[in-house]
Amino acid sequence: MILSNSRTAGYDIARILSCILVYLSHTPGCLTQIYGSELACVYVSSINDSSLVMFFMISGAFILGKPDNTRDFFRRRFKRILIPMAVFTVGYTIYEVKMGSSLYRILTRVLFEGIANQSYWFLYTLCGLYLVTPILSQWLRAASRKEVAFYLGIWLITTCFPFYNEAFGYNPYDSSVFRLITGYTGAYVAGYYIHRYIDATSRKALTMIIAFGTSAIIIPLIELYVDKGWYGLWDCNYNCVAFGIAILLLILRISGNRKSSPAVALIANLTFGMYLLNTIVNYFLSRWGLTSGLSLREGYALFFPVSLASSLIITYICSRVPILRKAVGL
C-alpha cells in the first residue's frame, strides 16, 4: 500500500470526494424533504452522480496511454477486481436466495444481463473498460490531441441523449450496455485527456471549469421551465459529466502540485474497498433500525457518517489482514 507523499494530492482528494458523494447519494430519504424544489433536487442528484464520472475519469488518467504488455496488464488489473467480484457476488447471491429470491432468476440475470447484483455494476463496467484498454491505449498513443478532443466532443453529444426524450421518446435505460460501457468509455478517455493535456492551473482549465459548471446549471433550468420536465435520469448524462469534469479540474487547480500526505494517500487507497462495502454496511445499518423513521436531513446527520466511518474502518482492518486484502481489491 502506497503511503508516501509521492502521489498527487489532487487525484487522491478527488478519489475521496467521489467516495463521499456515493455514500451521500445512498443515504435513505427523499431529496425534496430538504431541498424542496425539483430544480434543487436535480442539482444535488447531478453532483452526487458526478462521483461516478470522476471515478472512471481518475481510472483513465492513470491507466490509459501506457505502453504496458497486454498480458501483464490483464493479469494485474483483473486480479484486483475478479476476486472482489466473486466474493461479493457469491455472498449476495446466498443472501438473496436466503431471503426468498429464485436462484434460477439470479443465474439467468447473470447470463442475459451480465450482472448478478446491481450494486456491483461498476465492477462489470471496469471489466469492460479493461478489456478495451489495450486498444484504446494504442490509439491514444498514436492519436493527436485534436483527434482525442474530437472523440470527446462526440461523446459529450451522446451524454445529452436523455434530454431528447420528449422529442423522440428515447429512454436511456433501454440501452444499459450503451450507458454502462460506451458512456463511461468517454469518461475513461476524458480522464486521460485531462491528465495528459490540461494544466489545471492554466487559464484554459479555469475556462473549462466555468463553462462546464455554468452549462450544468443552465440545462436543468431550460428542461424544467421550458420543456416542463426533467429527462436527465441517467448517471452519465451531460449534467453529471459536466459537474464531474468541473469538480475534478477545480480540485486539481486548488491542490496544484502538492503531494498527498500519508493519511490522504491511505484513505484514497481504501476507497475501492469502501465502494464494495457500501451496500452491505447500509443493509446491516437498516436491519439494526438506524434508518427507521429518519428524514433525509437526519440521514445526512446520522446514517451517512456512521455508514462512511464503518466502511472505512472495516476496509482498513481488511487491508491489514493478508487473506482479506484481495477481497476488498487491495
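Residues numbered from 1 in each chain as written. Predicted model: local features only at pLDDT ≥ 70, side-chain atom pairs only at ≥ 80, totals over all residues. Heavy atoms only, no water.

Engineer: Give me the lowdown on the environment of Gln118, citing residues and values where you can.
Structural biologist: By secondary structure assignment, the location of Gln118 is in the loop between helix H5 (103–113) and helix H6 (121–142). Judged by relative accessible area, which is 48%, Gln118 ranks as partly exposed. As a C-alpha pair, Gln118 and Thr89 span 29 residues in sequence and 10.0 Å in three-dimensional space. (Helix = DSSP H or I, 4+ residues; strand = E, 2+ residues; numbered from the N terminus. Buried < 20%, exposed > 50% of the residue type's maximum accessible area, 1.4 Å probe, protein only.)

Engineer: Just give me the short version of the nonpolar core, but keep the residues and values in it.
Structural biologist: Counting 81 residues, the largest nonpolar core has Phe56, Met57, Phe122 and Ile194 as its most contacted members. Broken down by element, the residue count for this core peaks at twelve residues, all from helix H11 (residues 238–255). The residues touching Phe56, leaving out its near neighbours within four places in the chain, are Trp121, Phe122, Thr125, Leu126, Leu129, Tyr184, Ala187 and Tyr188. (Core = buried A, V, L, I, M, F, W, Y, C linked by side-chain atoms within 4.5 Å. Contact = heavy atoms within 4.5 Å.)

Engineer: Explain a nonpolar patch on the surface residue by residue, including any values.
Structural biologist: On the surface, Ile217, Ile218, Leu221 and Ile222 cluster together into a nonpolar patch covering about 310 Å² of accessible area. Within the secondary structure, Ile217 sits in helix H10 (residues 203–225). (Patch = residues over 30% accessible without salt bridge, like charges linked within 9 Å, V, L, I, M, F, W, Y side chains within 5 Å. Areas by Shrake-Rupley, 256 points an atom, 1.4 Å probe, with all protein chains shown as cover. Salt bridge = Lys/Arg side-chain N within 4 Å of Asp/Glu carboxyl O.)

Engineer: For the confidence of the model for the protein chain, give the residues involved together with the corresponding values.
Structural biologist: In the predicted model, the protein chain carries a mean pLDDT of 80, and 81% of its residues have values of at least 70. When mean pLDDT is taken per element in the protein chain, H11 scores highest with 92 and helix H2 (residues 32–35) scores lowest with 52. Across residues 1–5 the pLDDT falls below 50, and counting only partners more than four positions away or on other chains, this stretch makes 16 contacts in the model. (pLDDT = per-residue confidence, 0-100.)

Engineer: Please give an account of the packing of H6 against helix H7 (residues 145–158) that cites residues and values.
Structural biologist: Two elements in contact, H6 and H7, have axes whose closest approach is 8 Å; the angle formed by their N-to-C orientations is 130°. In terms of axis orientation, H6 runs oblique to H7. Residue-level contacts link Trp139, Leu140 and Ala142 of H6 to Glu147, Val148 and Tyr151 of H7. A breakdown of the residues in the contact of H6 with H7 according to their chemical character gives five nonpolar, no polar and one charged. (Axes fitted to C-alpha atoms, helices over the stretch in contact; angles between N-to-C directions. Parallel < 35°, antiparallel > 145°, perpendicular 65-115°, else oblique. Nonpolar A, V, L, I, M, F, W, Y, C, P; charged D, E, K, R; others polar.)

Engineer: Tell me about H6, residues and numbers included.
Structural biologist: Along an α-helix, residues three or four apart share an orientation, since each turn contains 3.6 residues. Here H6 contains 22 residues, and its C-alpha end-to-end distance of 31 Å stays within 8% of the 32 Å for a straight helix at 1.5 Å per residue. Most pronounced at Thr133, the bend in H6 amounts to some 50°, and the proline Pro134 follows within four residues. (Expected span 1.5 Å × (residues − 1). Bend = angle between axes of the 7 residues up to and from the residue.)

Engineer: I'd like a rundown of the packing of aromatic side chains, residues and numbers included.
Structural biologist: Per the counting criterion, the structure on display carries 14 aromatic pairs. With a centroid separation of 5.8 Å and 55° between ring planes, the pair formed by Phe73 and Phe74 is classed as tilted. A relative accessible area of 4% places Phe73 in the buried class. On the accessibility criterion, Phe74 (25% relative accessible area) is partly exposed. Here Trp139 and Tyr151 contribute two aromatic rings whose centre-to-centre distance is 5.9 Å and whose plane-to-plane angle is 75°, an arrangement assigned as edge-to-face. (Phe/Tyr/Trp six-rings, centres within 6.5 Å; stacked < 30°, edge-to-face > 60°.)

Engineer: Could you give an account of the packing of helix H3 (residues 38–63) against H6, with specific residues and numbers?
Structural biologist: Closest axis-to-axis distance for the H3/H6 pair is 12 Å, and the angle between their directions is 30°. In terms of crossing hand, the pair formed by H3 and H6 is right-handed. Taking contact as the criterion, the partners of Leu52, Phe55, Phe56, Ser59 and Ile63 in H3 are, on H6, Trp121, Phe122, Thr125, Leu126, Leu129, Tyr130, Thr133 and Ser137. Classifying every residue of the contact of H3 with H6 gives nine nonpolar, four polar and no charged. (Left-handed = near helix turned anticlockwise from the far one by under 90°.)

Engineer: Describe the side chain of Thr133, and please don't skip the residues or the numbers.
Structural biologist: Note on placement: Thr133 falls in helix H6. Among the polar contacts listed, one links the side chain of Thr133 to the side chain of Tyr188, at a separation of 2.8 Å. Once residues within four sequence positions are removed from consideration, Thr133 is found in contact with Ile63, Leu64, Phe73 and Tyr188. (Polar contact = N/O pair within 3.5 Å; in protein donor to acceptor, adjacent residues only side chain to side chain.)

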